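Survey of secondary and tertiary structure
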Amino acid sequence: MRVLIAPDKYAGTLTAAQAAAAIAEGWRRTAPGDELSLAPMADGGPGFLELLHEVLGGDLLEVEVRGPHGGPVTAQVLVDGETAYVESAQAAGLHLTGGKGAEQASSYGVGQLLRAARDAGATAVVVGLGGSGTSDGGAGLLAALGATADRPLDAGVAGLEGITEVTLPEPLGLEIVIASDVDNPLTGLFGAIKVYGEQKGLAEETMPRWDGVLQDLAAATSRKTATEKGAGAAGGIGFALLLLGAARRPGFDVVADLLGLPELAARTDR
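As the structure is a computational prediction, the values presented were derived from the model and not from experiment.

Helix and strand content of the chain: 13 helices and 10 strands. Its C-alpha radius of gyration of 19 Å places the chain within 12% of the 18 Å reference for a compact globule of 270 residues. For the chain, the C-alpha atoms occupy an extent of roughly 65 × 45 × 35 Å along the three principal directions. Across the 270 residues of the chain, 50% fall into the buried class. Looking at the chain alone, contacts between residues at least 24 apart form 69% of all its contacts between residues at least 6 apart. Summed over all atoms, the accessible surface of the chain reaches about 11,700 Å², with 49% contributed by carbon and sulfur. Separation between the mean location of the 19 positive side-chain charges and that of the 34 negative ones in the chain comes to 4 Å.

Below, the structure written as C-alpha coordinates:
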(Lines give C-alpha, C1' and ligand atoms only; values in the text may rest on other atoms or scores of the structure.)
Protein backbone atom coordinates (compact mmCIF):
# COMPACT_ATOMS: atom_id res chain seq x y z
CA MET A 1 0.00 0.00 0.00
CA ARG A 2 1.14 3.53 -0.80
CA VAL A 3 0.58 5.89 2.12
CA LEU A 4 0.95 9.69 2.33
CA ILE A 5 1.87 11.13 5.74
CA ALA A 6 1.34 14.91 5.80
CA PRO A 7 1.01 16.29 9.36
CA ASP A 8 1.40 19.83 10.60
CA LYS A 9 3.43 20.52 13.74
CA TYR A 10 2.27 19.45 17.18
CA ALA A 11 2.69 22.86 18.80
CA GLY A 12 5.15 22.81 21.68
CA THR A 13 5.90 19.12 21.16
CA LEU A 14 6.99 18.12 17.66
CA THR A 15 7.89 19.92 14.46
CA ALA A 16 6.01 18.81 11.36
CA ALA A 17 9.06 16.87 10.17
CA GLN A 18 9.43 15.15 13.54
CA ALA A 19 5.73 14.28 13.59
CA ALA A 20 5.90 12.82 10.09
CA ALA A 21 8.94 10.74 11.02
CA ALA A 22 7.27 9.47 14.22
CA ILE A 23 4.08 8.49 12.37
CA ALA A 24 6.14 6.73 9.72
CA GLU A 25 8.12 4.82 12.33
CA GLY A 26 4.94 3.59 13.96
CA TRP A 27 3.38 2.66 10.62
CA ARG A 28 6.40 0.62 9.58
CA ARG A 29 6.20 -1.42 12.77
CA THR A 30 2.77 -2.64 11.72
CA ALA A 31 3.11 -2.65 7.92
CA PRO A 32 6.80 -2.72 7.00
CA GLY A 33 6.07 -3.46 3.35
CA ASP A 34 4.03 -0.31 2.69
CA GLU A 35 5.48 2.52 0.63
CA LEU A 36 5.44 5.75 2.65
CA SER A 37 5.67 9.32 1.34
CA LEU A 38 6.39 11.99 3.96
CA ALA A 39 5.21 15.54 3.35
CA PRO A 40 5.46 17.67 6.53
CA MET A 41 3.05 20.61 6.37
CA ALA A 42 2.74 24.14 7.77
CA ASP A 43 -0.04 26.71 7.93
CA GLY A 44 1.94 29.96 8.04
CA GLY A 45 2.83 29.89 11.74
CA PRO A 46 6.08 28.83 13.41
CA GLY A 47 7.99 26.37 11.26
CA PHE A 48 6.66 27.83 7.99
CA LEU A 49 10.01 29.18 6.82
CA GLU A 50 12.06 26.18 7.90
CA LEU A 51 9.79 23.85 5.97
CA LEU A 52 9.82 25.99 2.82
CA HIS A 53 13.61 26.18 2.92
CA GLU A 54 13.77 22.38 3.00
CA VAL A 55 11.40 22.18 0.02
CA LEU A 56 12.53 25.10 -2.12
CA GLY A 57 16.15 25.62 -1.21
CA GLY A 58 16.84 29.26 -2.00
CA ASP A 59 18.86 31.78 -0.01
CA LEU A 60 18.11 32.15 3.68
CA LEU A 61 19.07 35.66 4.79
CA GLU A 62 19.48 36.59 8.45
CA VAL A 63 18.06 39.98 9.40
CA GLU A 64 18.23 41.76 12.75
CA VAL A 65 14.87 43.34 13.50
CA ARG A 66 13.07 44.91 16.43
CA GLY A 67 11.35 42.30 18.55
CA PRO A 68 7.85 42.71 20.01
CA HIS A 69 9.21 44.42 23.14
CA GLY A 70 11.78 46.55 21.34
CA GLY A 71 14.93 44.49 21.75
CA PRO A 72 16.83 43.10 18.76
CA VAL A 73 15.97 39.64 17.47
CA THR A 74 17.38 37.68 14.55
CA ALA A 75 14.84 36.64 11.94
CA GLN A 76 15.11 35.30 8.41
CA VAL A 77 13.95 35.99 4.88
CA LEU A 78 13.92 33.13 2.38
CA VAL A 79 14.55 34.30 -1.17
CA ASP A 80 13.78 31.96 -4.05
CA GLY A 81 14.14 33.74 -7.38
CA GLU A 82 11.98 36.87 -7.31
CA THR A 83 9.80 35.61 -4.46
CA ALA A 84 10.61 36.02 -0.79
CA TYR A 85 9.04 34.21 2.16
CA VAL A 86 8.68 35.65 5.66
CA GLU A 87 7.43 34.11 8.91
CA SER A 88 5.89 36.82 11.07
CA ALA A 89 6.35 34.83 14.27
CA GLN A 90 10.12 35.14 13.94
CA ALA A 91 9.81 38.89 14.56
CA ALA A 92 6.62 39.10 16.63
CA GLY A 93 5.97 35.61 17.97
CA LEU A 94 4.40 34.56 21.23
CA HIS A 95 7.61 32.69 22.04
CA LEU A 96 9.34 36.09 22.08
CA THR A 97 6.89 37.67 24.54
CA GLY A 98 6.18 34.69 26.74
CA GLY A 99 2.68 36.10 27.11
CA LYS A 100 4.05 39.14 28.95
CA GLY A 101 3.49 42.79 28.10
CA ALA A 102 0.87 41.96 25.50
CA GLU A 103 -0.53 45.51 25.56
CA GLN A 104 2.82 46.97 24.46
CA ALA A 105 3.91 44.21 22.05
CA SER A 106 4.57 45.56 18.56
CA SER A 107 4.66 44.07 15.08
CA TYR A 108 7.33 46.56 13.96
CA GLY A 109 9.85 43.84 13.15
CA VAL A 110 7.54 42.23 10.61
CA GLY A 111 7.56 45.45 8.61
CA GLN A 112 11.34 45.39 8.73
CA LEU A 113 11.29 41.88 7.27
CA LEU A 114 9.17 43.13 4.38
CA ARG A 115 11.68 45.88 3.71
CA ALA A 116 14.50 43.34 3.83
CA ALA A 117 12.65 41.18 1.28
CA ARG A 118 12.35 44.15 -1.07
CA ASP A 119 15.98 45.14 -0.56
CA ALA A 120 17.01 41.58 -1.42
CA GLY A 121 15.49 42.07 -4.88
CA ALA A 122 12.19 40.28 -4.43
CA THR A 123 9.15 41.45 -6.36
CA ALA A 124 6.72 39.30 -4.38
CA VAL A 125 6.59 38.22 -0.75
CA VAL A 126 4.57 35.51 0.95
CA VAL A 127 4.02 36.30 4.62
CA GLY A 128 3.21 33.39 6.93
CA LEU A 129 0.94 34.52 9.76
CA GLY A 130 0.43 32.65 13.01
CA GLY A 131 1.80 32.29 16.51
CA SER A 132 2.07 36.03 17.12
CA GLY A 133 2.36 37.63 20.54
CA THR A 134 1.03 40.98 19.32
CA SER A 135 -2.44 42.55 19.18
CA ASP A 136 -1.61 45.92 17.65
CA GLY A 137 -3.61 45.58 14.46
CA GLY A 138 -0.36 45.55 12.50
CA ALA A 139 0.25 49.19 13.39
CA GLY A 140 3.90 48.48 14.17
CA LEU A 141 4.37 46.89 10.76
CA LEU A 142 2.91 49.99 9.12
CA ALA A 143 5.20 52.22 11.17
CA ALA A 144 8.27 50.28 10.03
CA LEU A 145 7.24 50.97 6.44
CA GLY A 146 6.81 54.72 7.01
CA ALA A 147 3.22 55.18 8.22
CA THR A 148 2.52 58.06 10.58
CA ALA A 149 -0.34 58.82 12.95
CA ASP A 150 -1.47 61.06 15.78
CA ARG A 151 -0.60 58.27 18.23
CA PRO A 152 2.54 56.10 18.32
CA LEU A 153 2.11 53.16 15.97
CA ASP A 154 5.01 51.16 17.38
CA ALA A 155 3.97 50.93 21.04
CA GLY A 156 1.47 48.08 20.88
CA VAL A 157 -2.29 48.28 21.14
CA ALA A 158 -1.95 50.42 24.30
CA GLY A 159 -0.09 53.09 22.35
CA LEU A 160 -2.97 53.39 19.89
CA GLU A 161 -5.54 54.65 22.41
CA GLY A 162 -7.11 57.85 21.14
CA ILE A 163 -5.97 57.37 17.53
CA THR A 164 -7.95 59.35 14.94
CA GLU A 165 -5.57 59.88 12.01
CA VAL A 166 -3.25 57.55 10.10
CA THR A 167 -1.25 58.22 6.97
CA LEU A 168 -0.41 54.94 5.30
CA PRO A 169 3.08 54.34 3.87
CA GLU A 170 4.05 54.68 0.25
CA PRO A 171 3.64 51.50 -1.85
CA LEU A 172 6.36 48.99 -1.05
CA GLY A 173 6.67 47.74 -4.61
CA LEU A 174 5.96 44.15 -3.62
CA GLU A 175 3.13 41.82 -4.47
CA ILE A 176 2.10 40.55 -1.04
CA VAL A 177 0.39 37.25 -0.29
CA ILE A 178 -0.84 36.41 3.21
CA ALA A 179 -0.50 32.73 4.07
CA SER A 180 -2.91 32.16 6.96
CA ASP A 181 -5.66 29.73 7.85
CA VAL A 182 -7.20 32.31 10.22
CA ASP A 183 -10.18 34.04 8.62
CA ASN A 184 -11.32 36.21 11.55
CA PRO A 185 -12.12 39.90 11.07
CA LEU A 186 -10.12 42.50 12.96
CA THR A 187 -12.66 43.40 15.65
CA GLY A 188 -15.86 42.28 17.29
CA LEU A 189 -17.05 39.00 18.77
CA PHE A 190 -14.87 36.98 16.40
CA GLY A 191 -12.04 39.50 16.17
CA ALA A 192 -8.37 39.39 17.02
CA ILE A 193 -8.77 40.56 20.63
CA LYS A 194 -11.81 38.53 21.64
CA VAL A 195 -10.67 35.23 20.09
CA TYR A 196 -6.90 35.34 20.53
CA GLY A 197 -6.19 38.02 23.12
CA GLU A 198 -6.18 35.75 26.15
CA GLN A 199 -3.55 33.38 24.76
CA LYS A 200 -1.30 36.42 24.21
CA GLY A 201 -1.67 37.61 27.78
CA LEU A 202 -4.49 40.15 27.61
CA ALA A 203 -6.76 40.09 30.64
CA GLU A 204 -10.39 39.23 29.91
CA GLU A 205 -11.70 42.38 31.58
CA THR A 206 -9.55 44.62 29.35
CA MET A 207 -10.60 43.09 26.04
CA PRO A 208 -13.51 45.46 25.31
CA ARG A 209 -11.10 48.36 25.80
CA TRP A 210 -8.50 46.97 23.38
CA ASP A 211 -11.11 45.89 20.85
CA GLY A 212 -12.38 49.46 20.91
CA VAL A 213 -8.86 50.70 20.21
CA LEU A 214 -8.64 48.47 17.12
CA GLN A 215 -12.05 49.75 16.04
CA ASP A 216 -10.60 53.28 16.22
CA LEU A 217 -7.61 52.14 14.14
CA ALA A 218 -10.01 50.74 11.55
CA ALA A 219 -12.01 53.98 11.54
CA ALA A 220 -8.80 55.93 10.86
CA THR A 221 -7.83 53.65 7.97
CA SER A 222 -10.50 51.37 6.50
CA ARG A 223 -13.51 49.89 8.27
CA LYS A 224 -14.25 47.79 5.19
CA THR A 225 -10.80 46.18 5.25
CA ALA A 226 -11.24 45.41 8.95
CA THR A 227 -14.17 43.12 8.08
CA GLU A 228 -12.28 41.10 5.47
CA LYS A 229 -11.35 37.48 6.10
CA GLY A 230 -7.93 37.27 7.68
CA ALA A 231 -7.84 40.84 8.98
CA GLY A 232 -7.69 39.47 12.52
CA ALA A 233 -4.84 37.06 11.79
CA ALA A 234 -1.70 37.40 13.94
CA GLY A 235 -3.18 40.08 16.17
CA GLY A 236 -4.23 42.16 13.18
CA ILE A 237 -1.02 41.92 11.14
CA GLY A 238 -3.35 40.53 8.50
CA PHE A 239 -5.28 43.83 8.59
CA ALA A 240 -2.14 45.87 7.99
CA LEU A 241 -1.13 43.68 5.06
CA LEU A 242 -4.61 43.89 3.55
CA LEU A 243 -4.36 47.68 3.82
CA LEU A 244 -1.20 47.40 1.73
CA GLY A 245 -3.09 45.50 -0.98
CA ALA A 246 -2.22 41.94 0.03
CA ALA A 247 -4.15 38.93 -1.17
CA ARG A 248 -4.97 36.18 1.33
CA ARG A 249 -4.63 32.45 0.78
CA PRO A 250 -5.01 29.67 3.35
CA GLY A 251 -1.54 28.82 4.58
CA PHE A 252 -2.18 25.12 4.09
CA ASP A 253 -2.98 25.72 0.41
CA VAL A 254 0.19 27.73 -0.13
CA VAL A 255 2.38 25.00 1.32
CA ALA A 256 0.41 22.20 -0.37
CA ASP A 257 0.96 23.80 -3.78
CA LEU A 258 4.68 24.28 -3.17
CA LEU A 259 5.03 20.66 -2.00
CA GLY A 260 2.97 19.29 -4.89
CA LEU A 261 0.63 17.70 -2.33
CA PRO A 262 -2.25 17.05 -4.78
CA GLU A 263 0.10 15.09 -7.05
CA LEU A 264 1.49 13.14 -4.08
CA ALA A 265 -2.02 12.34 -2.90
CA ALA A 266 -3.04 11.13 -6.35
CA ARG A 267 -0.27 8.52 -6.28
CA THR A 268 -1.18 7.06 -2.88
CA ASP A 269 -3.87 4.77 -1.52
CA ARG A 270 -4.37 6.58 1.80
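Continuing now.
One can find G188 in the loop between β9 (175-179) and α8 (192-200). Overall, G188 belongs to the partly exposed group, its relative accessible area being 28%. In this structure the C-alpha to C-alpha distance between G188 and A256, which are 68 residues apart in sequence, comes to 31 Å. Other than its neighbours up to four places away in sequence, G188 contacts K194 and D211.

Our focus in this paragraph is the nonpolar core. A general tendency of soluble globular proteins is for nonpolar side chains to be buried together. Residues V77, V125, L141 and L241 are the most contacted members of the largest nonpolar core, which totals 58 residues. If we ignore the near neighbours within four places in the chain, the residues touching V77 are L49, D59, L60, L61, V63, A84, Y85, V86, L113, A116 and A117.

Across all of its chains, the model carries 0 aromatic pairs by this definition. Positioned over the ring face of Y108 is R66, at 3.7 Å from the centre of the ring.

The next thing to look at is the sheet that holds strand β3 (residues 59-66). One open sheet holds the 6 strands; their spatial order is β3-β4-β5-β6-β9-β10, and the pairing between them is mixed. Looking at strand neighbours, the two that pair on one side only are β3 and β10 (247-249), the edges of this open sheet. On average, each strand axis in the sheet is inclined to that of its neighbour by 25°, with strand direction left out of account. Of the strand pairs in this sheet, strand β4 (residues 72-80) and strand β5 (residues 83-87) are connected by 4 bridges, and their pairing is antiparallel. In the strand pairing of β5, V77 is matched with V86. Sheet strands in contact with helix α12 (residues 251-259) are β5, β6 (124-128), β9 and β10, and its direction is about 75° off that of β10.

Listing the buried residues of α12 in full gives G251, V254, V255 and A256. Buried residues along α12 sit against α2 (48-56), β6, β9, β10 and α13 (261-266). Taken from the residues just after α12, G260 is the one with a positive phi, measuring 70°.

Our focus in this paragraph is the pattern of salt bridges. Applying the stated criterion to the full structure yields 6 salt bridges. R118 is the salt-bridge partner of D119, the closest N and O atoms lying 3.4 Å from each other. The exposed category is assigned to D119, whose relative accessible area is 57%. Note that E161 is salt-bridged to R209, the shortest N-O span being 2.9 Å.

Where α8 contacts helix α9 (residues 207-220), the axes come no closer than 10 Å and their chain directions differ by 125°. One way to sum up the angle between α8 and α9 is to call them oblique. Our pair here, α8 against α9, has a crossing hand that is right-handed. Along the contact surface, α8 presents I193, K194, G197 and E198, while α9 presents M207, W210, D211 and L214.

Parameters and conventions
Residues numbered from 1 in each chain as written. Predicted model: local features only at pLDDT ≥ 70, side-chain atom pairs only at ≥ 80, totals over all residues. Heavy atoms only, no water. Helix = DSSP H or I, 4+ residues; strand = E, 2+ residues; numbered from the N terminus. Rg over C-alpha atoms; globule rule 2.2 N^0.38 Å. Buried < 20%, exposed > 50% of the residue type's maximum accessible area, 1.4 Å probe, protein only. Contact = heavy atoms within 4.5 Å. Areas by Shrake-Rupley, 256 points an atom, 1.4 Å probe, with all protein chains shown as cover. Lys, Arg positive; Asp, Glu negative; His and termini not counted. Charge placed at Lys NZ, Arg CZ, Asp CG, Glu CD. Core = buried A, V, L, I, M, F, W, Y, C linked by side-chain atoms within 4.5 Å. Phe/Tyr/Trp six-rings, centres within 6.5 Å; stacked < 30°, edge-to-face > 60°. Lys NZ or Arg CZ within 6 Å of the ring centre and 35° of its normal. Pairing = 2+ DSSP bridges. Axes fitted to C-alpha atoms, helices over the stretch in contact; angles between N-to-C directions. Salt bridge = Lys/Arg side-chain N within 4 Å of Asp/Glu carboxyl O. Parallel < 35°, antiparallel > 145°, perpendicular 65-115°, else oblique. Left-handed = near helix turned anticlockwise from the far one by under 90°.

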